[in-house]
Amino acid sequence: VQLQACGGGSVQEGGSVRLSCAASGRTVSSYGMGWFRQASGKEREFVAAIDWYGRSSYYADSVKGRFTVSRDNAKNAVYLQMNSLKPEDTAVYFCAKGKFYRASVPRNRGDFGSWGQGTQVTVSS
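The model shown is predicted, which means the values in this text are computed figures rather than measured ones.

Cut-offs applied
Residues numbered from 1 in each chain as written. Predicted model: local features only at pLDDT ≥ 70, side-chain atom pairs only at ≥ 80, totals over all residues. Heavy atoms only, no water. Helix = DSSP H or I, 4+ residues; strand = E, 2+ residues; numbered from the N terminus. Rg over C-alpha atoms; globule rule 2.2 N^0.38 Å. Buried < 20%, exposed > 50% of the residue type's maximum accessible area, 1.4 Å probe, protein only. Contact = heavy atoms within 4.5 Å. Lys, Arg positive; Asp, Glu negative; His and termini not counted. Charge placed at Lys NZ, Arg CZ, Asp CG, Glu CD. Salt bridge = Lys/Arg side-chain N within 4 Å of Asp/Glu carboxyl O. Pairing = 2+ DSSP bridges. Polar contact = N/O pair within 3.5 Å; in protein donor to acceptor, adjacent residues only side chain to side chain.

1. As for the overall build of the chain
Then, in step 1: Each helix and strand counted, the chain has zero helices and 11 strands in total.
Then, in step 2: The helix and strand sequence of the chain, counted from the amino end, reads β-β-β-β-β-β-β-β-β-β-β.
Then, in step 3: Computed over C-alpha atoms, the radius of gyration of the chain comes to 13 Å, within 12% of the 14 Å expected from 2.2 N^0.38 for 125 residues, which places it in the range of a compact globule.
Then, in step 4: In terms of overall dimensions, the chain has a C-alpha envelope of 40 × 25 × 25 Å along the principal axes.
Then, in step 5: By residue count, 43% of the 125 residues in the chain fall in the buried class.
Then, in step 6: Taking as baseline every contact in the chain between residues at least 6 positions apart, the subset at least 24 positions apart corresponds to 58%.
Then, in step 7: Averaging the coordinates of the 16 positive side-chain charges in the chain and doing the same for the 9 negative ones gives two points 8 Å apart.

Below is the structure:
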């Protein structure tokens, strides 16, 4: 499967951005999906994930209440709505596909098996 994230850009603090991740090559509808980010000079960190059906989601504490992950299995896509953005949200954002068929929400980096190219989000104060 190929994953392509898009929708990043530059935004003022307090603004919003919606990221999209399109999957191609095979369906991801039976797999959990997630978002990670990597700021310059830092390790890649978990942001949010959603289960294969779209019923359950999980968020990093740093984004809880501000970010919302969703998916559209008919479009083979997953989204990340980011509101109330802060400068510390500046990073390259990556989408990833869970390893396990119809499993619960993937939460750890090791639960993901396919990664897409990232999209840059820059939040200025």
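There's plenty left to go through after this.
2. Observations concerning unusual backbone geometry
Then, in step 1: Even without being a glycine, Asn76 presents a positive backbone phi close to 55 degrees.
Then, in step 2: Relative to the helices and strands, Asn76 is located in the loop between strand E7 (67-72) and strand E8 (77-82).

3. Observations concerning the environment of Ser40
Then, in step 1: Following the sequence through the fold, Ser40 ends up in the loop between strand E4 (31-38) and strand E5 (45-50).
Then, in step 2: Considering only alpha carbons, one finds Ser40 and Ala91, 51 residues apart in sequence, at a separation of 6.8 Å.

4. Looking at the pattern of salt bridges
Then, in step 1: Inspection of the entire model under this criterion finds four salt bridges.
Then, in step 2: With its nearest N and O atoms 2.9 Å apart, the salt bridge here joins Asp89 to Arg37. Note that Asp89 is positioned in the loop between E8 and strand E9 (91-101) and Arg37 in strand E4, a separation of 52 residues in sequence.
Then, in step 3: What makes Asp89 buried here is its relative accessible area of 1%.
Then, in step 4: The shortest N-O distance in the salt bridge between Asp61 and Lys64 comes to 3.0 Å.
Then, in step 5: For Lys64, a relative accessible area of 48% translates into the label partly exposed.

5. Focus: the pairing of E7
Then, in step 1: Across the two faces of E7 the burial differs, with Phe67, Val69 and Arg71 buried and Thr68, Ser70 and Asp72 not buried at all.
Then, in step 2: As paired elements, E7 and E8 share six bridges and run antiparallel to each other. Note on E8: the bridge partner recorded for Arg71 is Val78.
Then, in step 3: The hairpin turn running from E7 into E8, its antiparallel successor, is four residues long, and Asn76 in that turn takes a positive phi close to 55 degrees.

6. Observations concerning the side chain of Arg71
Then, in step 1: As for its placement among the helices and strands, Arg71 is situated in strand E7.
Then, in step 2: Summary of buried charges: Arg71 has no salt-bridge partner, and the nearest side chain of opposite charge, Asp51, is 5.9 Å away.
Then, in step 3: At 2.8 Å, the side chain of Arg71 and the backbone oxygen of Val28 are in polar contact.
Then, in step 4: Among the polar contacts listed, one links the side chain of Arg71 to the side chain of Asn73, at a separation of 2.8 Å.

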